[in-house]
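The primary structure of each chain is shown beneath.
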Amino acid sequence: MAINLQKGQRETINAPKFTVGLGWDTNSSSTGVDFDLDASVFVLGENKKLLSDAHFIFYNNLKSPDGAVEHTGDNLTGDGDGDDESIKVDLSKIDTSASEICIVVTIHEAVARNQNFGQVRNAFIRIFDTNTQEVILMFELDEDFSIETAVEFGRIYKRNGEWKFEAVGVGMKGGLQDYLNKYN
């Protein structure tokens, strides 16, 4: 049975192989231009910095060097039900110096398209066991991010040898480059 998390809540992930599913719906009529939301992953060390440039996983770099984190591809529209983008994680392969996996969603060309997360609804992140498809946990973002163009949905971090998920749900007025600056 899935655990529904609240913002700030943490939960242990017991499955060594799991998939992070991200989903959202957009109000397409509000700007007249399609939304393109992009999931990105930052594999960080103890210093909260990327292990290397190759540990920044996104639509142009789909797999981490150790093969532990794999983005399944860019969804340009977010149409349909269920997950819009997915990231597969295999903790048995992860670099031993990795201590955190940060999951961010940004709006592509948000400023040029006059778009923000206030125009996005039904946003969620869920983690499910890759083998059994059983949902382990879920976090629905229910805040109104009226000026934010990027949101850190959640983070997976190692504490005392255990991997845990934290429901973050923090927005930023900025884009992917701002997160790169933060974690590089």
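The sections below set out a description of the structure shown in this document. Every value quoted in this text rests on a predicted model; they were computed, and no experiment measured them.

**Concerning the sheet that holds strand β10 (residues 135-141)**
Taken in spatial order, the 6 strands of this open sheet run β1-β10-β9-β3-β7-β6, and their pairing is mixed. The sheet is open, and its two borders are formed by β1 (3-5) and β6 (69-71), each paired with just one other strand. Each strand of the sheet is rotated relative to its neighbour by a mean of 15°, with strand direction disregarded. The pairing of strand β3 (residues 17-26) with strand β7 (residues 85-90) spans 6 bridges and is antiparallel. Opposite valine 20, over in β7, you have isoleucine 87 as the bridge partner.

**Structural notes on unusual backbone geometry**
For residues other than glycine, phi is negative in most cases, and the peptide bonds are mostly trans. Phi is positive for lysine 48, which is not a glycine, with a value near 65°. Take lysine 48: its relative accessible area is 43%, and that puts it in the partly exposed class. Backbone geometry at glutamate 109 places phi at a positive 55°, although glycine is not the residue there. With respect to the helices and strands, the residue glutamate 109 is situated in the loop between β8 (100-107) and α1 (110-113).

**Some points on the environment of asparagine 60**
You can see asparagine 60 is positioned in the loop between β5 (56-57) and β6. Overall, the relative accessible area of 59% leaves asparagine 60 in the exposed class. Considering only alpha carbons, one finds asparagine 60 and histidine 71, 11 residues apart in sequence, at a separation of 9.6 Å.

**Quick notes on helix α2 (residues 176-183)**
Along α2, the residues that are buried comprise Leu176, Tyr179, Leu180 and Tyr183. Down the axis of α2, the smallest arc covering the buried residues is 105°, so these residues share one side.

**Overview of the side chain of arginine 155**
You can see arginine 155 is positioned in strand β11 (residues 150-159). A polar contact of 3.1 Å, which involves the side chain of arginine 155, links it to the side chain of glutamate 100. A polar side-chain atom of arginine 155 sits 2.6 Å from a polar atom in the side chain of glutamate 166. In contact with arginine 155, other than residues within four places in its own chain, are Arg10, Lys48, Glu100, Ile101, Cys102, Lys164, Phe165, Glu166 and Val168.

**Remarks on a positive patch on the surface**
A grouping of Lys17, Lys63, Lys88 and Lys93 is seen on the molecular surface, where their side chains present a positively charged patch. With relative accessibility at 37%, the residue lysine 17 sits in the partly exposed group.

**Observations concerning the pairing of β7**
On a regular strand, each side chain points to the face opposite its neighbour's, so the side chains alternate between the two faces of the sheet. In terms of burial, β7 is largely enclosed, as 5 of its 6 residues are buried. Taken together, the 3 bridges between β6 and β7 define a ladder with antiparallel strand orientation. Across the sheet, the residue bridging to glutamate 70 is lysine 88, located in β7.

**A word on the pairing of strand β4 (residues 37-44)**
β4 sits mainly inside the fold: 8 of its 8 residues count as buried. As paired elements, β4 and β5 share 2 bridges and run antiparallel to each other. Its bridge partner lying in β5, valine 41 is registered against isoleucine 57.

**Examining the sheet that holds β8**
Read from one edge to the other, the open sheet built from 6 strands follows the order β2-β12-β11-β8-β4-β5, with strand pairing classed as antiparallel. Where the open sheet ends on each side, the last strands, each with one partner, are β2 (10-12) and β5. Running at roughly 5° to β4, α2 makes contact with β4, β5, β8, β11 and β12 (162-172) of the sheet.

Basis of the calculations
In this numbering scheme, every chain counts its residues from 1 along its sequence in written order. For this predicted model, a pLDDT threshold of at least 70 governs which residues receive local features, and a threshold of 80 or more governs which side-chain atom pairs are given and counted, while totals over whole chains, interfaces and linings are taken from all residues. Where side-chain values are given, they derive from all heavy atoms of the structure, hydrogens and water being excluded. At least two bridges found by DSSP between two strands is the condition for calling them paired. Segments assigned H or I by DSSP are reported as helices when at least four residues long, segments assigned E as strands when at least two residues long, and all are numbered from the N terminus. The axes used here are C-alpha line fits, helices contributing only the stretch in contact, and every angle between their N-to-C directions lies in the interval 0 to 180 degrees. Each residue is assigned to one of three classes by its accessible area relative to the maximum for its type, calculated with a 1.4 Å probe on protein chains only: buried under 20%, partly exposed between the two thresholds, exposed over 50%. Directions drawn from the helix axis to the C-beta atoms are what define this arc. By the criterion applied in these results, polar contacts are pairs of N or O atoms within 3.5 Å in which, for protein atoms, one can donate a hydrogen and the other can accept it, and in which residues neighboring in sequence qualify only through two side-chain atoms. Should any heavy atoms of two residues lie within 4.5 Å, those residues are counted as being in contact. Only residues above 30% relative accessible area that lack a salt bridge enter a patch, with like-charged residues linked at up to 9 Å and the nonpolar side chains Val, Leu, Ile, Met, Phe, Trp and Tyr linked at up to 5 Å. Shrake-Rupley sampling with a 1.4 Å probe provides the accessible areas, and residues are treated as covered by the protein chains on show and by no other component. Every case where a carboxyl oxygen of Asp or Glu lies within 4 Å of a side-chain nitrogen of Lys or Arg is listed as a salt bridge. Only four residue types enter the charge count, namely Lys and Arg as positive and Asp and Glu as negative; His and the chain termini do not. Think of each charge as sitting on NZ of Lys, CZ of Arg, CG of Asp or CD of Glu.

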